[in-house]
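For reference, the chains in residue letters:
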Amino acid sequence: MISYKTLDGPFGRSAYGLDLSAGISDQEFLSLTQNLYAHRVVVLKNQTCGVDEYLGFGRLWGIPIQHVVDTVRMPDYPDLVSVGNLGATDDIGLNSAAFWHTDQAYEANVATTTMLFAQKVPSVGGQTHIADT
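Definitions and cut-offs
Residues numbered from 1 in each chain as written. Predicted model: local features only at pLDDT ≥ 70, side-chain atom pairs only at ≥ 80, totals over all residues. Heavy atoms only, no water. Helix = DSSP H or I, 4+ residues; strand = E, 2+ residues; numbered from the N terminus. Buried < 20%, exposed > 50% of the residue type's maximum accessible area, 1.4 Å probe, protein only. Contact = heavy atoms within 4.5 Å. Polar contact = N/O pair within 3.5 Å; in protein donor to acceptor, adjacent residues only side chain to side chain. Core = buried A, V, L, I, M, F, W, Y, C linked by side-chain atoms within 4.5 Å.

> How do you make sense of the side chain of Ser14 when you look at a structure like this?
Position of Ser14 relative to the elements: it lies in strand 2 (residues 13–16). Since its relative accessible area comes to 5%, Ser14 is described here as buried. Residues within four places of Ser14 in sequence aside, it is in contact with Ser3, Tyr4, Lys5, Leu7, Val43 and Lys45.

> Even after reading the chapter, I still don't get the side chain of Gln47, so can you show me in this structure?
By secondary structure assignment, the location of Gln47 is in the loop between strand 3 (42–44) and helix 2 (51–61). Here Leu20 takes part through its backbone nitrogen, which lies 2.9 Å from a polar atom of the side chain of Gln47. At 3.1 Å, the side chain of Gln47 and the backbone oxygen of Lys45 are in polar contact. Not counting chain neighbours up to four residues away, the residues in contact with Gln47 comprise Leu18, Asp19 and Leu20.

> Quick question: what am I supposed to make of the nonpolar core here?
Counting 11 residues, the largest nonpolar core is built from Ile2, Ala15, Leu18, Leu20, Ile24, Leu32, Cys49, Tyr54, Leu55, Phe57 and Leu80. Looking at this core element by element, the count peaks at 3 residues for helix 2. Not counting chain neighbours up to four residues away, the residues in contact with Ile2 comprise Ala15, Tyr16, Leu18, Glu28, Ser31 and Leu32.

In structure tokens, the structure reads:
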């Protein structure tokens, strides 16, 4: 059974009690969808799923839109893009997704949902490096 906790800030909820590696029921998916549209962000906590399960979950929302730049697509998973700054040493690598943007804003049919799978996060807070201009 899913339980939710409101995130600190003006929007968003954390969802507990799901295991994407085991799949989710239609009722659980409906609950997530309702919470996403009501709160704009849903964070699925304590996940251990692999890439295949994550992509399968993503496909419940619809057909993934492949990134326009094919060189950033993940090998063997063209529907996914790996984003991160671990090991980055330049401002582009550190800030590639730091600024506000809308995914597929240039398309006639824009993306309605974007998913991120954080594999390494700070234990408290978090900070984005933004280069001085």
